[in-house]
Amino acid sequence: MDGSGSWDAIDWNQIEDPRPRRPGQAVKESMDDFLLEDEEVIAQGHGVILLNNREAGTLSVTNFRLLFVSQAKKCVIDLGTIPLTTIEKLNDDVKLQPLPHLSDKSRPRELLQVIGKDMRIIVFAFVPKTKQKNEVFDALRRYTKPANLWDLYAFSCDPSTIKNDSEPKWRLLREYFRLFRKSLPQSRGAGEVSLSNDWWRLTRVNSSYSLCSTYPSELIVPRSISDEDLFQASTFRSGKRLPVISWCDPGSGAVLARSSQPMVGLMMNFRNNADEKLVCALSSRTTDDKGSPRKLYIIDARPRANALANGAKGGGSESSSNYARSEVLFLGIQNIHTMRDSLSRLRDYVDAHGSISSNGSPSAVSVVGDRRNRGSTWGGGNLNSMTSFSSTLGEWLNHIQNILVGASWIAAQIAEEAASVLVHCSDGWDRTTQLVALACLLLDPYYRTFSGFQALVEKDWLAFGHPFAERMGVPTVTEIGGSQYELLRQPSLGNLSSSPSRNVLGASGPSSHASVQSQTSNNSSPILLQWLDCISQLLRLYPSAFQFSSKFLVDFMDSVLSCRFGNFLCNSEREREQSGATSSCRCMWSYLADLRASGGIFHEHYNPFYDPVKHNGALLPPAAALAPTLWPQFYLRWTCPIESQGGDLESQWHAMNKKYAETMKAKDIAEWRAKDIKMKMESVKQDLQRERRASSTALATAQSAQRENAAIKKAIESIGCTIKFSTSENQEDRTEVLSCSLRRGTDARGQDENGDFSVSISAIEDGLVSEAPGDHFCESLCPFRTREGCRWPDAPCAQLGSQFVGLKANFDAFDRLSIQDCYFGPE
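The rules behind each value
- Residues numbered from 1 in each chain as written.
- Predicted model: local features only at pLDDT ≥ 70, side-chain atom pairs only at ≥ 80, totals over all residues.
- Heavy atoms only, no water.
- UniProt positions renumbered as here; feature names shortened; annotations may be inferred.
- Helix = DSSP H or I, 4+ residues; strand = E, 2+ residues; numbered from the N terminus.
- Buried < 20%, exposed > 50% of the residue type's maximum accessible area, 1.4 Å probe, protein only.
- Contact = heavy atoms within 4.5 Å.
- Areas by Shrake-Rupley, 256 points an atom, 1.4 Å probe, with all protein chains shown as cover.
- Expected span 1.5 Å × (residues − 1).
- Salt bridge = Lys/Arg side-chain N within 4 Å of Asp/Glu carboxyl O.
- Phe/Tyr/Trp six-rings, centres within 6.5 Å; stacked < 30°, edge-to-face > 60°.
- Arc of directions from axis to C-beta.
- Pairing = 2+ DSSP bridges.
- Axes fitted to C-alpha atoms, helices over the stretch in contact; angles between N-to-C directions.
- 1 Å grid on protein atoms, 1.4 Å probe; cavity = no way out; pocket = protein on both sides within 12 Å on 5 of 7 lines; lining within 4 Å.
- Points joined across faces, edges and corners; volume = space filled by probe spheres on them.
- Left-handed = near helix turned anticlockwise from the far one by under 90°.
- Nonpolar A, V, L, I, M, F, W, Y, C, P; charged D, E, K, R; others polar.
- Polar contact = N/O pair within 3.5 Å; in protein donor to acceptor, adjacent residues only side chain to side chain.
- Core = buried A, V, L, I, M, F, W, Y, C linked by side-chain atoms within 4.5 Å.
- pLDDT = per-residue confidence, 0-100.

By the naming in an unreviewed UniProt entry, the protein goes by Myotubularin phosphatase domain-containing protein and is assigned to Urochloa decumbens. Listed under Sequence similarities (unreviewed entry) in UniProt, the entry text for the protein is "Belongs to the protein-tyrosine phosphatase family. Non-receptor class myotubularin subfamily."

Pasting the structure below:
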């Protein structure tokens, strides 16, 4: 790979070396937090650097994807994580050119380049002189191209855990009933339901896929055409893909039909009466009183030269002289190989000139230049890159414009002229599908909703046999029940010989596997991506006409490329039914619906500007408005992540809505906290009120005790005692000791000098005195209690009712106290 970049700045010593480690179990234990259900690690490399963003981490090959986990952030790096089936090419011989201003010292060359079908080119650097790169590369070579369909990750889940709302056949039948404006009976089986009107009918002539192996089991055909006519007409069309109705307007009777090319030969001299009868029946008479004939347009999606070249090999195009009231037009849309090469060139240029490049050297958007060139370099290259960009981008956008113009023209003829249109290319499953599905999207507003988009994809892409296995390069079924069957597929090269990979599906073996892989690789093409690109252009033109957003289209495309679900496996409805893909694999539609449900109405899959009332009819864009631009959400998301979302109103709305949601979440948290604080304040307030009441009670008790103490003090002082109070510091002995020294007064006469004595009184806290007369305190304090017990056991205790409960005094001292008259004042 040529490009600018250098490995001189990488310091391998800063990368953790997890060795020694046990292979297998230790690897799985370390990756359990990042693996999906039923995902297993096959090979692993440590200390790997993703050159695009210089991120170091662990690179693991699982049975589903190439998984890159950041060493510093401990999270999955989306840029370095890609499903195995999304990988288009591997390259272990990568050469990087050093930047001019850096030294040319030896650099590690353990590089691995991975090119994806989703516009991604990534390069990994492995620690030098280790076997990690070889282990990862060998695992990728084995598992990116599995030999059998059942080796895909989609079949690794437990079938008992799969929840399917309904079968694809039943959903297709429900869509047919919607087109006829009738309700599908729920009580009857699909095989018993009949559907018809004055113009069309539903036939099950292909229920066993004997009419056409790549068509659905139920078909809508003109009512005037019998099943026998259908078998005869199928022999005149490539791959037996005869003209059938894809969409119909019950109001005007106009139809949009599809088929493959007719087998007219080089001289266009081969004809088929049943085919001409069937095609003419598509242009039924109008509903006006005059019964004027309806115009029929036969649209050949190929360039005229290609159609003539196919005539040399037996194919070709219709002649308007053989089909009444018809007109044949060519749209000039190129084949699958031209589309694949065009996308490859666009991918290389976007990678080389993006802000994140696989060569590790980001490109500047402004003119950087140097003195010698006088500012002639731009975007990491020279000014010639502008010309290269214009040609590369213009080539791809020209393909998109051709498809848009063709589909818009088809929709306009049906909506405005009430004409019927038959569309085909060589095989009728690539360019035909693009045009028919896009025209249906323009004609019917139902297809611009989530449920309608699913019905459209299942009808025109899945049921009518777009070869997803070939276009994505994955295997399909090879043999069912020991019997071989022919699919009658031809590659979109113009020749009528069956495709080597789809001719006869014999027993599986190494040789057949090799041929399948080689052929499917050559037949891979971004056909579905082009169709989604066209829808993104319509989203830009009509931002309020679609219920889904551009982000939904990106996630839809990623889900298809990942092959994680069974909906888009194999090449036809028959192959999916015989392989059991529908019943054995998870459903992509349920996965996308769960994603939307997780985010509610503000999920990024919803278009915030959707207005079903404003656009309740057909969208008919004028030719001047069909000037496409690059779809940044898909093509620039890996190389220019900021710029890919910058100019999109939808993305800006989602960003503003995200900020609004975060603000509302912060508001709810703040309100919850305020409510919690208010409740706590109320609780504290109640506690304070209780404390205040308790304090008031304690204060009243203290005041009462103070009055009692004052009364005791006064009473004792009245008898000439000197009183000193002291409080015990022992918390267990909560008593107050009243020490009274009683002396005879100096003015007392006739008292004995040796008669001085002291009295001690202990006041015990009221709470320590029990109400029971037999309590310990009663026994120890009551002066009237003897060893035999209380003197008055049956009478109320006088002391317990006293205001001086807990007083203990030396009454013998009081008995020896002689009270003099001088103690008392005059009367």
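After that view, the rundown keeps rolling.
Visitor: Describe the overall build of the protein, listing the residues and the values that go with them.
Guide: Tallying secondary structure elements over the protein gives 22 helices and 21 strands in all. When each of the 827 residues of the protein is scored for burial, the buried share is 49%. Taking the contacts inside the protein whose residues are at least 6 apart along the sequence as the reference set, 69% of them involve residues at least 24 apart. Summing over all exposed atoms, the protein offers an accessible surface of approximately 40,400 Å²; the carbon and sulfur share of this is 51%.

Visitor: Quick one: what's the story with unusual backbone geometry, residue by residue and with numbers?
Guide: Look at Lys240: it is not a glycine, yet its phi comes out positive at around 60 degrees. By secondary structure assignment, the location of Lys240 is in the loop between helix H4 (227–234) and strand E10 (244–248).

Visitor: Requested: an account of helix H7 (residues 336–352), with residues and values cited.
Guide: Compared with the 24 Å implied by 1.5 Å per residue over 17 residues, the 25 Å span of H7 between its first and last C-alpha is a close match. Residues of H7 that are buried include every one of Ile336, His337, Met339, Arg340, Ser342, Leu343, Leu346, Arg347, Tyr349, Val350 and Asp351, and no others.

Visitor: Any details on the pattern of salt bridges? Residues and values, ideally.
Guide: This structure, assessed with the given rule, holds 28 salt bridges. In this structure, Asp460 engages Arg258 in a salt bridge whose closest nitrogen and oxygen atoms are separated by 3.2 Å. Of the two residues, Asp460 is situated in helix H10 (residues 450–463) and Arg258 in strand E11 (residues 255–258); the sequence distance between them amounts to 202 residues. Linking Asp558 and Arg637 is a salt bridge whose minimum nitrogen-to-oxygen distance equals 2.7 Å.

Visitor: An account of the packing of aromatic side chains is needed here, citing residue identities and associated values.
Guide: For the structure on display, the rule yields 29 aromatic pairs. Summarising the aromatic geometry, the rings of Phe450 and Phe552 are spaced 5.2 Å apart at their centres and angled 90 degrees between planes, so their arrangement reads as edge-to-face. Within this pair, whereas Phe450 is found in helix H10, its partner Phe552 is found in helix H14 (residues 550–562), the two being separated by 102 residues in sequence. We note that Phe450, like Phe552, is buried.

Visitor: Which residues make up helix H6 (residues 304–311), and what are the values?
Guide: Buried within H6 we find Ala307, Asn310 and Gly311. Buried residues of H6 fall within an arc of 110 degrees about the axis and therefore sit on the same side. Pointing more than 90 degrees away from the buried face of H6 are the exposed residues Ala305 and Leu308. Buried-residue contacts for H6 involve strand E12 (296–300) and strand E13 (326–330).

Visitor: Give a description of the pairing of strand E1 (residues 41–50) that names residues and reports values.
Guide: Of all 10 residues making up E1, nine are buried, and the element is well covered by its neighbours. Across seven bridges, the pairing between E1 and strand E2 (residues 55–62) is antiparallel. Its bridge partner being in E2, Gly45 is matched across the sheet by Leu59. The turn joining E1 and E2, which pair antiparallel and follow one another in sequence, is formed by four residues; a positive phi near 60 degrees is taken by Arg54. As paired elements, E1 and strand E7 (residues 121–125) share two bridges and run antiparallel to each other. When the bridges of E7 are listed, Leu50 appears paired with Phe124.

Visitor: Which residues make up the sheet that holds strand E5 (residues 87–91), and what values do they have?
Guide: Taking strand neighbours across the sheet as the criterion, the seven strands line up as E4-E3-E2-E1-E7-E6-E5 in an open arrangement whose pairing is antiparallel. Every interior strand has two partners, whereas the edge strands, strand E4 (82–83) and E5, have only one. In this sheet, strand E3 (residues 65–70) lies alongside E2 in antiparallel orientation, the contact comprising five bridges. Along E3, the bridge assignment pairs Thr58 with Val69. Where H7 meets the sheet, it contacts E5, strand E6 (111–116) and E7, and its direction lies at approximately 55 degrees from that of E7.

Visitor: Can you lay out empty space enclosed by the protein for me, pointing to particular residues and giving the numbers?
Guide: Applying the stated criterion to the full structure yields five cavities of 30 Å³ or more. Here the largest cavity is characterised by a volume of approximately 230 Å³. Surrounding the largest cavity, 19 residues form its lining, Lys117, Arg471, Ser525, Pro526 and Leu561 being those nearest its centre. Secondary structure elements with two or more residues in the lining of the largest cavity: H7, helix H11 (468–472), helix H13 (527–541) and H14.

Visitor: Break down the packing of H10 against H14 for me, with residues and values.
Guide: It is the contact of H10 with H14, at a shortest axis distance of 13 Å, that shows an interaxial angle of 35 degrees. Crossing of H10 over H14 shows right-handed handedness. Of the residues in H14, those touching H10 at Phe450, Phe453 and Val457 are Phe552, Leu553 and Phe556. The residue makeup of the contact of H10 with H14, split by class, is six nonpolar, no polar and no charged.

Visitor: Give me the lowdown on the side chain of Thr130, citing residues and values where you can.
Guide: In this structure, Thr130 sits in the loop between E7 and helix H2 (132–143). Under the relative-accessibility criterion, Thr130 is labelled buried at 19%. A distance of 2.8 Å separates a polar side-chain atom of Thr130 from the backbone oxygen of Val127.

Visitor: Provide a residue-level description of the nonpolar core, including the pertinent values.
Guide: Ranked by size, the top nonpolar core spans 132 residues in total, and within it Phe453, Trp531 and Phe556 carry the most contacts. If you tally residues by element for this core, the top one is helix H8 (residues 384–417), at 10 residues. Residues Leu66, Phe68, Leu79 and Leu140 belong to the second largest nonpolar core, which totals 22 residues.

Visitor: So what's going on with the confidence of the model for the protein? Residues and values would help.
Guide: Residue-level pLDDT values for the protein average 78, and 70% of them are 70 or greater. Taken element by element, the predicted model of the protein shows its lowest mean pLDDT in strand E14 (residues 377–378) (38) and its highest in helix H9 (residues 431–443) (97). Across residues 99–106 the pLDDT falls below 50, and counting only partners more than four positions away or on other chains, this stretch makes nine contacts in the model. A low-confidence stretch, residues 764–777 stays under pLDDT 50, and its non-local contacts, those more than four residues away or across chains, total 20 contacts.

Visitor: How would you summarise the environment of Lys240 if you had to cite specific residues and measurements?
Guide: On the basis of relative accessibility, which here comes to 33%, the residue Lys240 falls in the partly exposed class. Expressed as a C-alpha distance, the spacing of Lys240 and Thr214, which sit 26 residues apart in the sequence, is 8.7 Å.

Visitor: Now, about the environment of Asn134: what can you tell me, with residues and values included?
Guide: Position of Asn134 relative to the elements: it lies in helix H2. You can call Asn134 partly exposed: its relative accessible area is 46%. Each C-alpha atom of the pair Asn134 and Gly45 lies 9.6 Å from the other, and the pair is 89 residues apart in sequence.

Visitor: Give a description of the environment of Leu256 that names residues and reports values.
Guide: Tracing the backbone shows Leu256 in strand E11. Sequence-wise, Leu256 and Val436 are 180 residues apart; in three dimensions their C-alpha atoms are separated by 7.4 Å. Beyond its immediate sequence surroundings of up to four residues, Leu256 is in contact with Ile245, Ser246, Trp247, Ile410, Ile414, Val421, Val423, Val436, Ala439 and Cys440.

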